[in-house]
Amino acid sequence: MTRTPSLLLTRPFAASRRTAHDLRRAGLTVPILFSPALRIVPLAGDIPARGTLIFTSEAGVAAAAARADLRGRRAVAVGDWTAAAARSAGMTCLSASGDATALSALLLSLPREPEPFVRIRGRHAAGDLAGQLKRAGIAVIETTLYDQRPCPPTDAARRAADTGRTVLPLYSPRSAAIVGSWWPHGAHDLHVVAMSDAVAVAWGATVAAVAPHPDAAAMNDAILAVAGALDLR
């Protein structure tokens, strides 16, 4: 059997396509496969008319923008791509350019506002951002606008894992746990690039690399470094 190396991207399609585009421009030539670990399902929910919005994902921006006209609203986002999505929806948005820890630090540094923050979240959320803010005396309202439901691997992903070495970037603890349930650890030639130590822990097995900073640029650099070390560029 011919063993074909590949890169397997498990984020939602829009984010995975963006990553694939950036990696191709950086010189990655191996086949790139898409197999989202999660399916975003909208939920009914209300968005308060006042208060700065907090976004921890692009999915949250899309869900909120589908529920209400957010043009002119102020927002704070975990990372640059999420912030860009919020701005595209007409909001003024600050970016923490990092992970939940960076977002919490940014929120705690902002001047106190008369209205509570409004955290837009999914049904499954890592950490306790609202709790951290409340313990610091900052009012926050949470509204759950979407669910993140597990997906099985695509046939292409199964074949890739069965027939060749695969570079596997993982971006969140929950997606790491879901992808980890697809295959027995150690049974396939998977080389995981984790976005953070928390993601590596959720994977539950050896990882090839952990990104030095939890953002897209650092992840892309780590992916390319792992692919290069495996002679897969």
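Structural notes, computed from the coordinates. Residue positions are given per chain, counting from 1 as you read along its sequence in written order. Thresholds applied to this predicted model are a pLDDT of at least 70 for local features of residues and 80 or more for the giving and counting of side-chain atom pairs; totals over whole chains, interfaces and linings are not thresholded and use all residues. Side-chain metrics in this entry use all non-hydrogen atoms of the structure; hydrogen atoms and water are not considered.

1. Looking at the pairing of strand β6 (residues 92–95)
Keep this limit in mind: Whether two strands pair comes down to DSSP finding at least two bridges between them. Secondary structure elements are defined from DSSP: runs of H or I of at least 4 residues count as helices, runs of E of at least 2 residues count as strands, and each element is numbered from the N terminus. Crossovers are described as right-handed under a simple rule: with the strands pointing away from the observer, the path leading from the first strand over the helix to the second runs clockwise.
With four bridges joining them, strand β5 (residues 74–77) and β6 adopt parallel strand pairing. Across the sheet, A75 pairs through a bridge with C93, a residue of β6. Each parallel crossover has a hand, and the one from β5 via helix α3 (residues 80–88) to β6 is right-handed.

2. Considering the pairing of strand β8 (residues 140–150)
In the sheet, strand β3 (residues 38–42) pairs with β8 via five bridges, with the strands oriented antiparallel. Its bridge partner being in β8, I40 is matched across the sheet by Q148. In terms of strand pairing, strand β7 (residues 117–122) meets β8 through six bridges, oriented parallel. Bridging across to β8, G122 finds its partner in Y146.

3. With respect to helix α2 (residues 58–67)
Rules: Per-residue accessibility, obtained with a 1.4 Å probe over protein chains only, is compared with the maximum for each type, and a residue is labelled buried under 20%, exposed over 50%, and partly exposed between these values. The arc in question is the one traced by the directions running from the helix axis out to the C-beta atoms. Note on contacts: a residue pair is in contact if any heavy atoms of the two residues lie within 4.5 Å. Here a polar contact means two N or O atoms within 3.5 Å. Within protein one must be a hydrogen donor candidate and the other an acceptor candidate, and residues neighboring in sequence count only if both atoms are side-chain atoms.
Residues of α2 that are buried include every one of G60, V61, A63 and A64, and no others. Buried residues of α2, viewed axially, fall in a sector of 170°; they line one side. The inward-facing, buried residues of α2 abut β4 (53–55), α3, β7 and β8. Where α2 begins, one side-chain oxygen reaches toward the backbone nitrogen of A59, 3.4 Å away; that side chain belongs to S57.

4. A few points about the packing of aromatic side chains
Note the following rule: Side-chain rings of Phe, Tyr and Trp (the six-membered ring for Trp) are treated as a pair once their centres are within 6.5 Å; stacked means planes under 30 degrees apart, edge-to-face means over 60, and tilted covers the remaining angles.
Within the structure shown, the criterion is met by two aromatic pairs. When the centroid spacing of 6.5 Å and the interplanar angle of 50° are considered together, the rings of F13 and F34 count as tilted. Taken as a pair, F13 in helix α1 (residues 13–25) and F34 in strand β2 (residues 32–34) lie far apart in primary sequence, 21 residues in all. Overall, F13 belongs to the partly exposed group, its relative accessible area being 42%.

5. A closer look at the sheet that holds β8
Stated formally: To define axes, lines are fitted to C-alpha atoms, for helices over the stretch in contact only, and angles between the resulting N-to-C directions are given on a 0 to 180 degree scale.
Read across the sheet, six strands follow the order β3-β8-β7-β4-β5-β6 without closing on themselves; strand pairing throughout is mixed. Among the strands making up the open sheet, the edge pair consists of β3 and β6. With strand direction ignored, the average angle separating the axes of adjacent strands in the sheet is 30°. Of the strand pairs in this sheet, β4 and β7 are connected by three bridges, and their pairing is parallel. Directly across from F55, in β7, lies its bridge partner I120. Against the sheet, α2 touches β3, β4, β7 and β8, its axis set at about 110° to β8.

6. So, the pattern of salt bridges
How we decide: Salt-bridge detection follows one rule: a side-chain nitrogen of Lys or Arg within 4 Å of a carboxyl oxygen of Asp or Glu.
Under the defined criterion, the tally for this structure stands at 10 salt bridges. Between E58 and R18 there is a salt bridge, with its nearest N and O atoms 2.7 Å apart. In this pair, E58 is assigned in helix α2 and R18 in helix α1, connecting sequence segments 40 residues apart. The exposure class of R18 is buried, given its relative accessible area of 18%. The closest approach of N and O atoms between R119 and E142, which form a salt bridge, is 3.2 Å. Highlighted residues: R119 in strand β7 and E142 in strand β8, separated in sequence by 23 residues.

7. Focus: helix α6 (residues 155–163)
If you check which residues of α6 are buried, you get A157, A160 and A161. The buried residues of α6 occupy one face: seen down the axis, they fall within an arc of 95°. Facing away from the buried side of α6, by more than 90 degrees, are the exposed residues D155 and R159. The secondary structure elements touched by the buried residues of α6 are β1 (6–9), β2, β9 (166–170) and β10 (190–194).

8. Concerning the sheet that holds β10
Strand order in the open sheet formed by five strands is β2-β1-β9-β10-β11, and the pairing between neighbours is parallel. The open sheet has two edge strands with one neighbour each: β2 and β11 (209–210). As defined by bridge partners, β10 adjoins β11 across two bridges and the pair is classed as parallel. Note that in β11 the partner of A194 across the bridge is V210. Contacting β1 and β2, α1 crosses the sheet at an angle of about 175° to β2.

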